[in-house]
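# Coordinate analysis (summary)
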Amino acid sequence: MSDIIENEEIDKDTVSPEELDNLFSRKYNLLTETAVTLKTTYINKLSLTKSLNLAVSLLDNSIEVYKIEKSSIKQVCRLSGHQKALTELVFSPKEDYLLYSAGHDGIKLWDTRTSGLCVQEYKEEEDTPARPYDAMDISCTGRVICAGSQLVQEDAYLVFWDQRKPQPLGGYWNSHTDDITQVKFHKEKTEILATGSLDGLLNVYNLMEETEDDALIYSMNVENSVEKISWLNDNHVACITQSNDLQTWDTGTGDIIKTYSRDKIARSIKRHRSDDCYLVDAFTSADNMVILAGSYGGEGTVLRSVTEMGKKLQPTTNFTKNKQVVRCCSYDDDRDLLVTAGESGLISVWDTDSTPEPVTITKKLKNQSLHDKRHKPY
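Residues numbered from 1 in each chain as written. Predicted model: local features only at pLDDT ≥ 70, side-chain atom pairs only at ≥ 80, totals over all residues. Heavy atoms only, no water.

## Regarding the sheet that holds strand β11 (residues 144-152)
Strand order in the open sheet formed by four strands is β10-β11-β12-β13, and the pairing between neighbours is antiparallel. The open sheet has two edge strands with one neighbour each: β10 (133-138) and β13 (168-172). Pairwise comparison of adjacent strand axes, ignoring direction, gives a mean angle of 20° for this sheet. Sheet topology places strand β12 (residues 155-162) next to β13; four bridges connect them, and they run antiparallel. In the strand pairing of β13, tryptophan 161 is matched with proline 168. (Pairing = 2+ DSSP bridges. Helix = DSSP H or I, 4+ residues; strand = E, 2+ residues; numbered from the N terminus. Axes fitted to C-alpha atoms, helices over the stretch in contact; angles between N-to-C directions.)

Here it is in structure tokens:
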């Protein structure tokens, strides 16, 4: 047994520190950082607005809201109200003081100007328990909410609401056959929606169509459970799978564009063991796809980005001051600013400007009534 342990391969860099510094030539500084609580916690969801309002979810199903100002993070309020697992946070794209949250006990709307009051709860049918929602998003107009449920009595539901009304507009329940893990509206087209599921399907809908069958434009087989999807541009979507592979798809044609295996990404961030590497997310910077990835090896502090250049992944940034396994991020293209959060309960803000040392702040609905509402949600 001791021989097995001694011979176990250890994840490490595949190049020297000097080569790392040369390869990962785009430097980001740790502008500021805060611990959301003095207790050990875990952040796996965050939402960031254009005005740099920030919300993160905690293990106790509460939400912390912050404002990023220059080189500091100011706490705004703490929101409590979900009694079951909190699964998603999304700020309104139009009124960035309004925050939506999804959980296994339904959908809530919060006004962060009022010390965190819940101002609306979105219902389903009267006298029926809320579905367990694992995903949720808001259309770019801020008008339509869509939430995706776990499997309930053999159906996985997409339920739609007008954000002004607590009763649902309608729903889809034939397109996915397992828990819906991702719901992402197009960034500019309010009628286009992408969803992902444990069933291995990445679906794209046009919500202006009258029926679910007509609305489903493409159902793309990822051949693995969908962990995360991100709109990269007008037609391209990035999909991270349960096995930490990344695929890009053309939603205009339904064709796969490129697949980057976990092994390929591990080699690109110059790590030895692909099994120890993980993907955080993908986003667009300067019209190119950037993949943020890390490694569980060592102290779990390795965090690096690579950029898709043609058919290759180019090493980009080594976040040398990262202190945790990162679970979520948000990128502000206008400011070239990245926010990361993760397993140590830290929120880190990175920018490319020359700054001093960072300031650390401590501190079914399956009944007839919904089935009658299978029409378009507009």
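What follows continues from the structure just given.
## So, the packing of aromatic side chains
On inspection of all chains with the given rule, the structure shows 10 aromatic pairs. Ring plane angle 35° and centroid distance 6.3 Å describe the contact between tyrosine 100 and tyrosine 122, whose orientation is recorded as tilted. Of the two residues, tyrosine 100 sits in strand β7 (residues 98-103) while tyrosine 122 sits in strand β9 (residues 117-122), which places them 22 residues apart along the sequence. Summarising the burial analysis for this pair, tyrosine 100 and tyrosine 122 share the class buried. Centroid distance tyrosine 133 to tryptophan 161: 6.0 Å. Interplanar angle 75°. Geometry classified as edge-to-face. Of this pair, tyrosine 133 sits in strand β10 while tryptophan 161 sits in strand β12, placing them 28 residues apart in sequence. (Phe/Tyr/Trp six-rings, centres within 6.5 Å; stacked < 30°, edge-to-face > 60°. Buried < 20%, exposed > 50% of the residue type's maximum accessible area, 1.4 Å probe, protein only.)

## Here's the deal with the pattern of salt bridges
Tallying each qualifying case throughout the model produces 21 salt bridges. Residue aspartate 234 pairs with lysine 189 through a salt bridge whose shortest N-O separation is 3.3 Å. On the criterion of sequence distance, the pair formed by aspartate 234 in the loop between β18 (226-231) and β19 (236-241) and lysine 189 in the loop between β14 (180-185) and β15 (192-197) is long-range, its members being 45 residues apart. For aspartate 276, the salt bridge identified is with arginine 273, shortest N-O distance 3.2 Å. Judged by relative accessible area, which is 19%, aspartate 276 ranks as buried. Put simply, Asp11, Asp13, Arg271 and Arg304 are held in one network by salt bridges that share partners. (Salt bridge = Lys/Arg side-chain N within 4 Å of Asp/Glu carboxyl O.)

## Remarks on the sheet that holds strand β25 (residues 312-318)
The strand order across the open sheet built from four strands is β22-β23-β24-β25, with neighbouring strands paired in antiparallel fashion. Each having just a single partner strand, β22 (277-285) and β25 make up the two edges of the open sheet. Along the sheet, successive strands turn relative to each other by an average axial angle of 30°, direction set aside. Bridging between β22 and strand β23 (residues 288-295) involves eight bridges; their strand directions are antiparallel. Following the sheet pairing, serine 285 is matched in β23 by asparagine 288.

## Describing the pairing of strand β6 (residues 86-91)
Among the six residues of β6, six are classified as buried, and the element is accordingly described as predominantly covered. Pairing between β6 and β7: five bridges, direction antiparallel. Residue pairing in the sheet places leucine 89 in a bridge with serine 101 of β7. If you look at the hairpin formed by β6 and β7, you'll find six residues sitting between the two strands.

## Structural notes on the nonpolar core
Core analysis: the largest hydrophobic core is formed by 18 residues, its most contacted members being Ile43, Leu54, Val56, Val339 and Ile347. Of all the elements in the fold, those that place two or more residues in this core are β2 (46-48), β3 (53-57), β4 (63-69), β27 (337-342) and β28 (346-351). By residue number, the principal contributor to this core is β27, which donates three residues. Beyond its immediate sequence surroundings of up to four residues, valine 339 is in contact with Leu46, Leu48, Leu54, Ile68, Cys328, Cys329, Ser330, Ile347, Ser348 and Val349. Ranked by size, the runner-up nonpolar core spans 17 residues in total, among them Val90, Tyr122, Tyr133 and Met136. (Core = buried A, V, L, I, M, F, W, Y, C linked by side-chain atoms within 4.5 Å. Contact = heavy atoms within 4.5 Å.)

## Details of the environment of valine 349
Its place among the elements puts valine 349 in strand β28. Take valine 349: its relative accessible area is 0%, and that puts it in the buried class. A C-alpha to C-alpha distance of 11 Å links valine 349 and phenylalanine 319, two positions 30 residues apart in sequence. Excluding its chain neighbours within four sequence positions, the residues that come into contact with valine 349 are Asn29, Leu30, Leu31, Thr32, Ile68, Ile73, Leu337, Leu338 and Val339.

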